[in-house]
Amino acid sequence: MASSAFKRSDSIADSMPEALRQSRYHMKRCFARYIAKGKRLMKLQNLMEEMEKSIDDKLERTQVLEGLLGYILCSTQEAAVVPPYIAFAVRPNPGFWEFVKVSSDDLAVEGITAGEYLKFKEMIFDEKWAKNESALEVDFGAFDFSMPSVTLSSSIGNGVHYVSKFMSSKLSGNSEKAKPLLDYLIALNHQGEKLMINENLNTVTKLETALVVAEVFVSALPSETPYHRFEQRFLEWGFEKGWGETAEIVKETMESLSEILQAPDPLNMEKFFSRVPTIFNIVIFSPHGYFGQADVLGLPDTGGQVVYILDQVRAMEEELLFRIKRQGLSVKPQIVVVTRLIPDAKGTKCNQELEPILHTKHSHILRVPFRTENGVVKQWISRFDIYPYLERFTQDATAKILDHLEGKPDLIIGNYTDGNLVASLMASKLGITQGTIAHALEKTKYEDSDVKWKELDPKYHFSCQFTADMIAMNSTDFIITSTYQEIAGSKEKPGQYEKHTAFTMPGLCRVVSGINVFDPKFNIAAPGADQSVYFPYTQKQKRLAAFHPAIEELLYSKEETSEHIGFLADKKKPIIFSMARLDTVKNITGLTEWYGKNKRLRNLVNLVIVAGFFDPTKSKDREEIAEIKKMHSIIEKYQLKGQLRWIAAQNDRVRNGELYRCIADTKGAFVQPALYEAFGLTVIEAMNCGLVTVATNQGGPAEIIVDGVSGIHIDPSKGDESSNKIADFFEKCKEDPEYWNRMSTAGLKRIYECYTWKIYANKVLNMGSVYGFWKQLNKDQKQAKQRYLQMFYNLQFKNLAKNVAIASNVPQLPLAPT
Ligand code: UDP
Ligand code: LCN
């Protein structure tokens, strides 16, 4: 039987015995090899290598690999070897997992549960815990049995759409079924002022009848008639403000509600909820880092999240203003970004409590300090050490927010582990709709960080982080992601969220069901880049020529300063450029080394890096210090001076925009070499500037760029291959100068079609509205889960957070000038 005979409906447990029987002789040898080294965790590559070693004959090996067994093995993510058994975690498709255990003695196969698989894994790392019958098992899925979910891998990430479908079927039938929608509409108000309908329309039938009358009435009016002209008449029928600014808009909104009441369908549902006035005030949490509008980028833990949120606020405020006007209301929407106030602000404005957000009308940054029993914490705190402060921060922040907004917000959005936990605490306390964003789920950055948590905990406090992440994912109403892969990965590789489906931290807890990627709370809404800052290099009249002398100096001056080291001897070569925080995962040192090693590439192009700074003694960030040192040693080893310019972190985004364009002028490329990149704002920025972009195929850029069309993918684990791919590109450009232009244009096209902030804001506000109602429709289930989460938070998280040392207010080393 060939692999093609494997039917999707067959389970691995059903087909594996047959697969093993087909090549029983080889398999016995192969499984004997697997167990020969005793207990261990094997990844796909090890499994394949051992299998190849156990079958000498090439033809036979090919036959086995092409057969059913080859298919099963290729879909295996890892295997826990506990002689005489080997437990396989198989992932035939994104989101789908199956676990089987095979005995190496007789090749007997048995399907096992996720929990049983995790126990096998624990046997390798902590046998005592694995055998402990009262070990803590966490099962969030236990609360979701009554909740609908999507079933196809391809539907993952399209949550709003499916929730609209599920809502439609829940409300279908008789008018009693639509009662929750009626109750929801009756309750709508803004600061006590009723919206949409009032108590006069207290049954579905009354509402339906009134809608018919009102629709006939507005249809007869000129379409542009303003609402206030017929407001009085509407009031008599039981309608309040919020239906629309003009007769025409009112008519459209009413029509979609009438349709829903008659026979609910997802399209009208989505349309109606995009019209309902439910969201005016939004709180966005981003506690850690230095959150500011100037001079913060490049400081430890302060990267894309700040850029993302500021752009997000601008886009959402604009969309809110548009919607509120369309609703015929004159409410002032407010968005507040809540972060920590850092008294020791290192020249930034992070010690200011309130700061208006530039280019917005009503949005602010609100800063609330971390407090402990010793008083206000003065210094910056690493995101890994932040946990002990968060509960008190939530309480203090909540009070300030209620005060600032003069009431409750309508939507709370968290960012990253800390922001999402705080958002969860506040949202559940006040009963507010919650969304979360996690551009980087730390668990996925470090291999086996769950089973090895004890080893990593002193440095990273993953016990706190993963626990907080579980709480947030399960308490939030919806999750915003930038890409599909963030949720469910690709055919080969599980997604960031998917890696939280089942995992274990031996000695702490076994998460048998953490998050389900088929949950319709998952939504993809990709961010964009500020197009007034990042515009194509070809728009000559808009170019910021005033920056050119400074950029020229930055790139080409001969001397070394505190801002740049190294120099470019040959100014005529194109530049390959990279800019990122100096984190290990960003792999800037990797790129520098690939370049160093590849003579052909060195002959073709210069390398310019913008990252971190040069003096390791000035950094307080553990990873950054190591990376700085590594950079220096690579520069030395490969004698890069003359071909490389290393520039310290650059915080002026307007000038950075021009920098990308100046690199495009050299017909160079932006290279994003990260070992893994959750999204990759720099990729979007570079592409918006028309700069050809080469980026990692691990993570978001794999979706943003279509390889060979709108940019180039590189595999960060294969340095030589990657540097050769870049060299090939530049060689091709030498032969055919149009090649570069074609790729630059295709990159821009890709951006305009899929990655703009306008598309984003529309999607996210629809989520806020749709999930706000969905949450009410499933109140009981939500409440039950919330009780479980509260217990988990109190009994587990709080104890873990106590293990993290509280900072003493010692004076800090100065940060490098930026
Ligand atoms: N950035 C910057 N100066 C630097 C390094 C980065 O302005 O020295 C900006 C960059 O333009 C981008 C953001 O910081 O807007 C980094 O976002 P990305 O998603 O690439 O990475 P993150 O830091 O969020 O992991
Ligand atoms: C979110 C981001 O986008 C990144 O810039 C940060 O590294 C991360 O949070 C932690 O600060």
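Further up the page is the structure itself.
Caption draft 1: Main features of the environment of Gly141. Structurally, Gly141 is set in the loop between β6 (137-139) and α8 (159-171). A C-alpha to C-alpha distance of 43 Å links Gly141 and Asp344, two positions 203 residues apart in sequence.

Caption draft 2: Representation of the site of ligand 2 within the structure. Close to ligand 2 lie His288, Asp301, Gly303, Gly304, Gln305, Arg383, Tyr416, His439 and Arg581, which account for all nearby residues. Measuring from an oxygen atom of ligand 2, one finds a side-chain N or O atom of Arg581 at 2.9 Å. Protein coverage of the free-state accessible area of ligand 2, which is 290 Å², stands at 91%. More than half of the atoms belonging to ligand 2 lie within 2 Å of the grid points that define the largest cavity.

Caption draft 3: Highlighting empty space enclosed by the protein. Per the counting criterion, the structure on display carries 6 cavities of 30 Å³ or more. Within this model, the largest cavity holds a volume of roughly 850 Å³. Looking at the largest cavity, it is lined by 49 residues, and the ones nearest its centre are Gly303, Gly304, Gln305, Arg581 and Lys586. Of all elements in the fold, only α14 (304-326), α24 (653-665) and α25 (681-688) reach the threshold of two or more residues within the lining of the largest cavity. The element that contributes the greatest number of residues to the lining of the largest cavity is α14, accounting for 5 residues. Broken down by class, the residue content of the lining of the largest cavity amounts to 22 nonpolar, 17 polar and 10 charged. In this structure, the second largest cavity is lined by Phe273, Ser274, Val276, Thr278, Ile279, Leu320, Arg323, Ile324, Gln327, Leu765 and Ser769. At 3 residues, the largest contribution of residues to the lining of the second largest cavity is made by α14. Class assignment of the residues belonging to the lining of the second largest cavity gives a composition of 6 nonpolar, 4 polar and 1 charged.

Caption draft 4: Structural context of the packing of helix α15 (residues 390-405) against helix α16 (residues 416-430). Where α15 meets α16, the closest approach of the two axes is 10 Å, and the angle between their N-to-C directions is 60 degrees. The pairing of α15 with α16 is recorded here as oblique in orientation. In terms of crossing hand, the pair formed by α15 and α16 is right-handed. Contacts between α15 and α16 involve Leu390, Phe393, Thr394, Thr398, Ile401 and Leu402 from the first element and Asp418, Leu421, Val422, Leu425, Met426 and Leu430 from the second. When its residues are assigned to classes, the contact of α15 with α16 shows 9 nonpolar, 2 polar and 1 charged.

Caption draft 5: Region of the structure containing the sheet that holds strand β1 (residues 40-43). Spatially, the 5 strands line up as an open sheet ordered β1-β2-β3-β4-β5, and their pairing is antiparallel. Each of the sheet's edge strands pairs with one partner strand only, and the pair in question is β1 and β5 (109-112). If you compare each strand with its neighbour and ignore which way they point, the axes differ by 25 degrees on average. Here strand β3 (residues 85-93) pairs with strand β4 (residues 96-103) via 7 bridges, running antiparallel. By the bridge assignment for β4, Ala87 is matched with Lys101. Docked against the sheet, helix α2 (residues 24-36) engages β1, β2 (76-82), β3 and β4, running at close to 110 degrees with respect to β3. Of the strands in this sheet, β1, β2 and β3 touch helix α3 (residues 44-54), which is tilted by about 90 degrees from β1.

Conventions and cut-offs
- Residues numbered from 1 in each chain as written.
- Chains lettered and ligands numbered in written order.
- Predicted model: local features only at pLDDT ≥ 70, side-chain atom pairs only at ≥ 80, totals over all residues.
- Heavy atoms only, no water.
- Helix = DSSP H or I, 4+ residues; strand = E, 2+ residues; numbered from the N terminus.
- Near = heavy atom within 4 Å.
- Polar contact = N/O pair within 3.5 Å; in protein donor to acceptor, adjacent residues only side chain to side chain.
- Areas by Shrake-Rupley, 256 points an atom, 1.4 Å probe, with all protein chains shown as cover.
- 1 Å grid on protein atoms, 1.4 Å probe; cavity = no way out; pocket = protein on both sides within 12 Å on 5 of 7 lines; lining within 4 Å.
- Sits in = over half its atoms within 2 Å of the grid points.
- Points joined across faces, edges and corners; volume = space filled by probe spheres on them.
- Nonpolar A, V, L, I, M, F, W, Y, C, P; charged D, E, K, R; others polar.
- Axes fitted to C-alpha atoms, helices over the stretch in contact; angles between N-to-C directions.
- Parallel < 35°, antiparallel > 145°, perpendicular 65-115°, else oblique.
- Left-handed = near helix turned anticlockwise from the far one by under 90°.
- Contact = heavy atoms within 4.5 Å.
- Pairing = 2+ DSSP bridges.

Limitation: the analysis is restricted to geometry and does not speak to function.
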